[in-house]
Amino acid sequence: MALACSATYGQTDTTRHKYNLFNPVPRDRMKDMETDRPDVTESAYTVEAGHFQVESDLFKQARNKSNGVQSIQNAYNVANFKLGITENMDIQLVVPTYVTTTVKDVANNRVIDKTSGFDDLTLRVKYNLWGNAGGNTAFAILPYITLPTSSFQDNGIQGGVVLPFALKLSEKLNLGTQVGVGVVKEEDNRRHTEFLYSLTFGRSIFKQLDCFVEGAAIYNSYQKNTDTYANGGLIFSVTNNFNIDAGLNYGLNKQADKVYFVGFSLRY
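Residues numbered from 1 in each chain as written. Predicted model: local features only at pLDDT ≥ 70, side-chain atom pairs only at ≥ 80, totals over all residues. Heavy atoms only, no water.

Participant: I'd like a description of the overall build of the protein, backed by residues and values.
Facilitator: A count of helical and extended segments in the protein gives zero helices and 13 strands. Viewed in the frame of its principal axes, the protein has a C-alpha envelope of about 65 × 35 × 30 Å. For the protein, the exposed surface amounts to about 13,000 Å²; the carbon and sulfur share of it is 59%. Each charge class in the protein was averaged separately, 26 positive and 27 negative side chains, and the resulting centres sit 3 Å apart. (Helix = DSSP H or I, 4+ residues; strand = E, 2+ residues; numbered from the N terminus. Areas by Shrake-Rupley, 256 points an atom, 1.4 Å probe, with all protein chains shown as cover. Lys, Arg positive; Asp, Glu negative; His and termini not counted. Charge placed at Lys NZ, Arg CZ, Asp CG, Glu CD.)

Pasting the structure below:
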């Protein structure tokens, strides 16, 4: 989920406010592409009205080893399909195409459990409160709901809301941050609150290559622990409408996952 390091936040365009799904923003008036990937921090900007964008983890692996057990989850083509509805709103559907999870006993390398299949779908709506048309700051609200479509586990309906904020520090350096709260189903078969905070810095290295560094923390009220992460990655702009990226989310505490990923973003 990314703060594009080379994003341009121009002066406010007073001639806008007329585009929607059925009257798309002309290509020669489109802003630089903004993406929610590859960092954890969501973008405060929405997809241009009338345009479609897909952002995907082509491959993502999460590894965890604690209490004598190792789990490895591989996710393939976890895609976020996004459609610009108005100049300030888009809708998003996150589709995890295929996920495998293997749990092993570390002592004897014996497989304890192995599952695979289609995971839960997530429906999201992002509404930009300010900054979409220009300026040095932007703020949005992003509510979401996760539907119980998994073929290998029953999480029930889950959901939450995220509040992302963006700030242009200079022509080459940008800051993004967010707070979020969600409701997740835990081992006791009840739903509990989870809180998220993240802070990311994006920088342009040269014209087509950007990077980001990020810190993130997730507090789970059921487990009463906080997982902390140090994240980073690179984003290469093949064209103005096509990026490829790679990076990692490195869990700093014992129970936090180590996550490695490679993916892309494409705008139509």
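The structure having been displayed, the exposition proceeds.
Participant: Please provide a residue-by-residue account of the packing of aromatic side chains, values included.
Facilitator: A full pass over the atoms with the stated rule returns seven aromatic pairs. Each residue in the set F52, F81 and Y268 is aromatic and connected to the rest through ring pairs, giving one cluster. Against the face of Y250 rests K258, its NZ or CZ located 5.2 Å from the ring centre. (Phe/Tyr/Trp six-rings, centres within 6.5 Å; stacked < 30°, edge-to-face > 60°. Lys NZ or Arg CZ within 6 Å of the ring centre and 35° of its normal.)

Participant: An account of the pairing of strand β6 (residues 137-147) is requested, with residue identities and associated values reported.
Facilitator: Pairing between strand β5 (residues 121-130) and β6: seven bridges, direction antiparallel. Bridge pairing links L123 to I145 in β6. Where β5 folds back on β6, the antiparallel hairpin that results is connected by six residues, among which G131 adopts a positive phi of roughly 100 degrees. In this sheet, strand β7 (residues 158-168) lies alongside β6 in antiparallel orientation, the contact comprising eight bridges. Following the sheet pairing, T146 is matched in β7 by Q158. (Pairing = 2+ DSSP bridges.)

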